[in-house]
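Overview (structure and organization)
Listed here are the chains, written in short residue letters.
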Amino acid sequence: MIIKRVDHLRKMMNIKAFRLVSAIERELLMGNKDHINIECIECCGKNLYVGTNDCVIYHFLLEENMLPTGKVTFSATKQRHKYLGFKKPVNELKAASALNRLLVLCDNTIALVNMINLEPIPSGARIKGAVTFALNENPVSRDPFCVEVCIISVKRRTIQMFMVYEDRVQIVKEVSTPEQPFAVAVDGHFLCLALTTQYIILNYNTGASQDLFPYCSEERQPIVKRIGRQEFLLAGPGGLGMFATVDGISQRAPVHWSENVIGAAICFPYVIALDEEFITVHSMLDQQQKQTLPFKEGHILQDFEGRVIVATSKGVYILVPLPLERQIQDLLASRRVEEALVLAKGARRNIPKEKFQVMYRRILQQAGFIQFAQLQFLEAKELFRSGQLDVRELISLYPFLLPTTSSFTRSHPPLHEYADLNQLTQGDQEKMTKCKRFLMSYLNEVRSTEVANGYKEDIDTALLKLYAEADHESLLDLLVTENSCLLTDSVAWLEKHKKYFALGLLYHYNGQDATAVQLWVNIVNGEIHDSTRSDLYEYIVDFLTYCLDQELVWKYAEWVLQKSEEVGVQIFTKRPLEEQQKDIFNPDDIISRLKKYPKSMIKYLEHLVVDRKVQKEEYHTHLAILYLEKVLQQKPSANGNCAEVTETQAKFRSLLQKSDLYRVHCLIDKIQGTSLHMESAILHGKLEEHDRALHILVHELKDFSAAKDYCLWRSQNKDPPYRQQLFHRLLSVYLKPGPSDHDLVLAAVDLLNHHAAEFDVAQVLQLVPDTWSIQLLAPFLTRAVRESLHMKRMTQAALGLAKSENLLYQHDKIKLKRSSVLLSDKKLCQICQSPFCEPVFVRYPNGGVVHTHCAANRHTNPNSSSPGNRT
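In every chain, residue numbers begin from 1 and rise along the written sequence. Restriction of local features to residues with pLDDT of at least 70 applies here, the model being predicted, together with a cutoff of 80 or more for giving and counting side-chain atom pairs; totals for whole chains, interfaces and linings are based on all residues. Here the side-chain values reflect all heavy atoms present in the structure, with hydrogen atoms and water set aside.

Focus on the packing of aromatic side chains
- Stacked, edge-to-face and tilted labels apply to pairs of Phe, Tyr and Trp rings (six-membered ring for Trp) whose centres lie within 6.5 Å, assigned for plane angles under 30 degrees, over 60, and everything in between, in that order. Going through the model one piece at a time under the given rule, you end up with 25 aromatic pairs.
- Taking 5.6 Å as the distance between ring centres and 70 degrees as the angle between the ring planes, the aromatic pair formed by Y710 and W713 counts as edge-to-face. Of this pair, Y710 and W713 both sit in helix α27 (residues 704-714), separated by 3 residues, roughly a single helical turn.
- Classification of residues uses two cut-offs on accessible area relative to the type maximum, computed with a 1.4 Å probe and protein chains only: under 20% is buried, over 50% is exposed, and between them is partly exposed. With a relative accessible area of 4%, Y710 lands in the buried category.
- Here the aromatic residues F369, F372, F377, F384, F438 and Y442 are joined through ring pairs into a cluster of three or more.
- Sitting over the face of the ring of Y165, R168 holds its NZ or CZ atom 3.9 Å from the ring centroid.
- Should the NZ of a Lys or the CZ of an Arg lie within 6 Å of a ring centre and within 35 degrees of the ring normal, that charge is described as sitting over the ring. Its end group placed over the ring of Y722, K718 keeps NZ or CZ at 4.2 Å from the ring centre. Runs of H or I in DSSP of at least four residues are treated as helices and runs of E of at least two as strands, each being numbered from the N terminus.

Quick look at unusual backbone geometry
- Geometrically, the link from F268 to P269 is a cis peptide bond, its omega value of 5 degrees lying close to zero.
- Inspection of the secondary structure assignment puts P269 in the loop between β22 (263-267) and β23 (270-274).
- Phi angles above zero are rare outside glycine, and C55 is one such case at about 65 degrees.
- Looking at where C55 falls in the secondary structure, it is placed in the loop between β3 (47-52) and β4 (56-66).

Regarding the pairing of strand β10 (residues 130-135)
- In terms of burial, β10 is a largely internal element, 5 of the 6 residues being buried.
- Should DSSP find at least two bridges between two strands, the strands are taken to pair. One ladder, built from 5 bridges, connects β10 with strand β11 (residues 147-153); its direction is antiparallel. Across the sheet, residue T132 finds its bridge partner in β11, namely I152.

Description of empty space enclosed by the protein
- Two kinds of site are reported from a 1 Å grid over the protein atoms alone, namely cavities, where a 1.4 Å probe fits but cannot get out, and pockets, open sets with protein on both sides within 12 Å along at least five of seven lines, and residues are called lining when an atom falls within 4 Å of a point. Grid points are joined across faces, edges and corners, and a volume is the space filled by probe spheres set on the points. By the definition in use, this model includes 3 cavities of 30 Å³ or more.
- One number sums up the size of the largest cavity: a volume of about 70 Å³.
- F572, R575, E579, Q580, D583, I584, F585, I590, Y604 and R612 together form the lining of the largest cavity.
- Residue classes in the lining of the largest cavity are distributed as 5 nonpolar, 1 polar and 4 charged.
- Computed from the structure, the second largest cavity encloses a volume of approximately 60 Å³.
- Lining the second largest cavity are I15, Y270, S283, L285, D286, K290, L331, E339, V342 and L343.
- If you tally residues by element for the lining of the second largest cavity, the top one is helix α4 (residues 337-346), at 3 residues. Three residue categories are used. Nonpolar comprises Ala, Val, Leu, Ile, Met, Phe, Trp, Tyr, Cys and Pro, charged comprises Asp, Glu, Lys and Arg, and polar comprises the others, including Gly.

Some points on the packing of helix α26 (residues 690-700) against α27
- With axes taken as lines fitted to C-alpha atoms, and helix axes fitted only over the stretch in contact, angles between N-to-C directions fall between 0 and 180 degrees. Packing of α26 against α27 leaves a shortest axis separation of 8 Å and a crossing angle of 155 degrees. As judged from the angle between their axes, α26 and α27 are roughly antiparallel. Residues H690, A693, L694, L697 and V698 of α26 pack against F704, A706, A707, Y710, C711 and R714 of α27.
- Residues belonging to the contact of α26 with α27 are distributed by class as follows: 9 nonpolar, 1 polar and 1 charged. In what follows, roughly perpendicular refers to angles from 65 to 115 degrees, roughly parallel to angles under 35, roughly antiparallel to angles over 145, and oblique to any angle outside these ranges. Note on contacts: a residue pair is in contact if any heavy atoms of the two residues lie within 4.5 Å.

With respect to the sheet that holds strand β17 (residues 209-214)
- The 4 strands lie next to each other as β14-β15-β16-β17, forming an open sheet whose pairing is antiparallel. Edge positions in the sheet fall to β14 (183-187) and β17, since each has one partner strand and no second. The sheet shows a mean angle of 15 degrees between the axes of neighbouring strands, direction not considered.
- Relative to strand β16 (residues 198-203), strand β15 (residues 190-194) is paired through 5 bridges, and the arrangement is antiparallel. For L193, the partnering residue across the bridge sits in β16 and is I200.

So, the confidence of the model for the protein
- Per-residue confidence from the predictor is given as pLDDT, running between 0 and 100. Across the protein, the average pLDDT comes to 87, with 95% of residues at or above 70.
- Confidence over residues 1-12 falls short of pLDDT 50; this stretch has 2 contacts with residues more than four positions distant or in other chains.
- Confidence drops under pLDDT 50 across residues 637-643; counting only partners more than four residues distant or on other chains, this segment forms 0 contacts.

So, in structure tokens, the structure goes:
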């Protein structure tokens with residue numbers, strides 16, 4: 001069971017990144033000569049060179065062919081072969097295309113031969129004593145017609161650097177190593193060496209070295225391969241492929257390969273390893289093994305400008321990489337999203353920028369749908385955003401969400417395999433609900449971003465449908481803000497889900513206010529059911545209050561007033577201030593309409609008189625009469641609401657006191673014969689009939705506090721003598737000759753003692769009876785004397801200050817008279833710049849001299865912004 005699970009996991013991790021294709025048939029290379037073995041290979045463009053154990057070099061022309069099925073094949077045409085004349089195998093071949101030379105290592109000698117005819121160069125230049133060699137692919141020399149070659153010399157612990165030209169070689173450096181080297185790779189001045197017990201980085205120019213990590217040359221074959229600028233791949237301990245830079249650090253995680261690796265190659269983003277039985281493919285991006293190809297008896301694995309060639313002793317094969325896009329699609333088909341994205345990012349360096357961006361966006365979108373299908377919504381959302389998904393691709397999965405007018409067609413080839421949400425969820429309602437919630441959230445986020453450009457109608461209509469179906473609270477938020485919901489689709493959907501209030505909002509947004517209001521009225525009247533708002537009547541009133549359509553407001557005014565006079569009148573009383581100021585709704589028309597609704601009438605007149613302070617006698621009188629009628633109606637009711645009576649009377653009294661526009665005589669006539677004594681007193685006060693008003697307050701109401709307040713009210717904004725006269729009249733009412741009333745005496749004493757400042761002491765002493773004791777008026781007399789002394793002292797202080805100020809002015813005048821003014825016929829007026837013709841002038845405090853007529857016309861100093869003062 002465990003073995004099966006391991007096999008299953010291995011199969012899941014596998015990806016077909018390469019296909020092994022034969023390049024040279026055995027018969028073409030060696031015919032029936034079984035003793036011939038391949039020792040080395042080199043590939044430069046279409047030229048393939050093979051070195052054998054019988055000291056022969058074969059030259060083939062390699063052609064790549066594409067079959068109708070899309071598969072790649074190769075055909076090799078033998079050009080020529082050359083026997084080098086030794087009985088030793090050809091160990092290594094390296095092409096130097098810039099020189100048209102092939103470097104051949106045989107019998108510890110590197111010979112130069114022509115790449116085309118394989119003939120040795122006439123000069124016979126060669127490098128002797130070489131065990132192995134490597135070309136510097138990052139040369140330090142700027143000469144394009146030379147090649148830098150590094151050899152491991154037959155001399156112990158020696159590395160030599162050569163410059164190889166078309167017909168000569170030149171040694172430039174010899175470097176000693178701490179141990180015997182076995183393998184070498186070169187990058188600039190840096191050598192990566194496999195020594196007897198360790199790998200090192202050696203700068204042959206400075207001699208500085210950096211130890212990398214140990215290994216045992218006796219146990220395994222070392223691998224040193226340059227994979228990029230200043231970076232190498234090494235066969236490390238424990239079956240690890242280690243990466244190292246010239247600084248001695250690793251910028252990539254190692255790959256795990258076989259303990260018995262005998263060769264390695266790079267075909268980005270893969271590392272390819274060869275052992276005795278397999279070719280394994282490892283990702284440089286996530287270090288995972290991606291593919292395993294059975295391959296026995298292999299002993300050569302090399303990459304040449306992106307082409308990977310592998311060989312046994314009898315045949316040559318090419319590892320043809322499958323297009324990265326196909327590999328990525330295979331991963332996506334296996335739901336291996338993370339691996340697909342890693343591979344796609346790694347492909348950036350091999351694909352033109354614009355093409356890559358298009359490809360990568362599509363991959364992100366596909367990955368998003370895979371995550372979406374697995375209900376990984378957060379990951380899906382991020383992938384959709386990064387991939388700039390046309391949001392309609394997602395909406396189209398949900399049946400009936402796209403508007404009927406939408407011309408959208410899904411991407412081809414498709415981004416996913418699902419017909420719709422039902423297929424994706426296989427009818428699972430819980431999953432379907434989760435998917436709908438995700439779409440609601442995603443559409444709400446993207447509708448105000450660039451993603452929605454050009455698709456707002458599709459997005460908002462889909463959102464409306466989702467909100468309505470789910471009874472989501474955001475439905476109303478969508479409709480009361482800027483939106484692009486398609487009216488025809490949305491109306492049908494909202495009616496289907498009985499969202500009539502929301503439908504009214506939709507009509508309103510689309511300028512159909514009459515339809516919206518009628519729909520809401522039907523809900524309030526119970527003709528259709530929608531419990532979205534329990535306060536829908538108040539909402540309609542508020543809507544009409546701010547509605548600019550007068551005809552619509554008048555149409556429903558009767559309906560709102562019939563429902564509630566107090567609330568309904570708000571369509572007139574709470575209209576926008578700028579609208580009220582323009583009197584778009586004529587107050588007289590409104591009053592005429594409100595005749596059947598007395599409560600509304602009072603509310604509206606209060607709005608005009610109290611709130612807007614309209615100064616029109618008709619409105620003030622009308623309101624006062626309505627107040628009076630209401631008070632008279634409520635007064636006789638024994639079971640009436642006392643608080644309401646008090647409130648209405650308070651409003652009535654306040655209007656009578658504060659307004660000067662109502663018809664006083666009209667109201668007095670209506671009040672006569674009623675018990676409204678306080679109101680009667682206020683009206684008599686308005687007519688300046690103070691004695692009558694005070695008589696009512698004192699003798700009929702016996703409300704002494706009200707009498708005192710009356711004096712204060714009527715004397716507001718009047719001069720002190722007027723107030724003093726009112727208080728004396730009240731005192732006279734209290735002390736009027738006749739039957740003595742103890743309460744009136746107490747009221748008179750209280751008035752004097754608490755409002756002493758309002759009385760003339762001399763007049764009071766003449767009015768009060770002789771029988772009153774000094775003790776009774778002690779507070780009044782004390783305050784009167786204190787006030788008199790205070791006034792005397794204040795007058796004295798004011799007089800002293802005035803004398804001091806006069807003294808200062810006299811002092812200034814004397815100082816000014818001391819200074820003389822020289823006036824001649826050459827002196828010019830500072831205002832008109834004309835000479836003086838007579839000895840009459842005006843002098844300013846700053847010394848300026850002007851004509852008298854100029855000074856009369858000029859009220860400011862010519863040299864100052866302050867008013868001028870003549871002296």
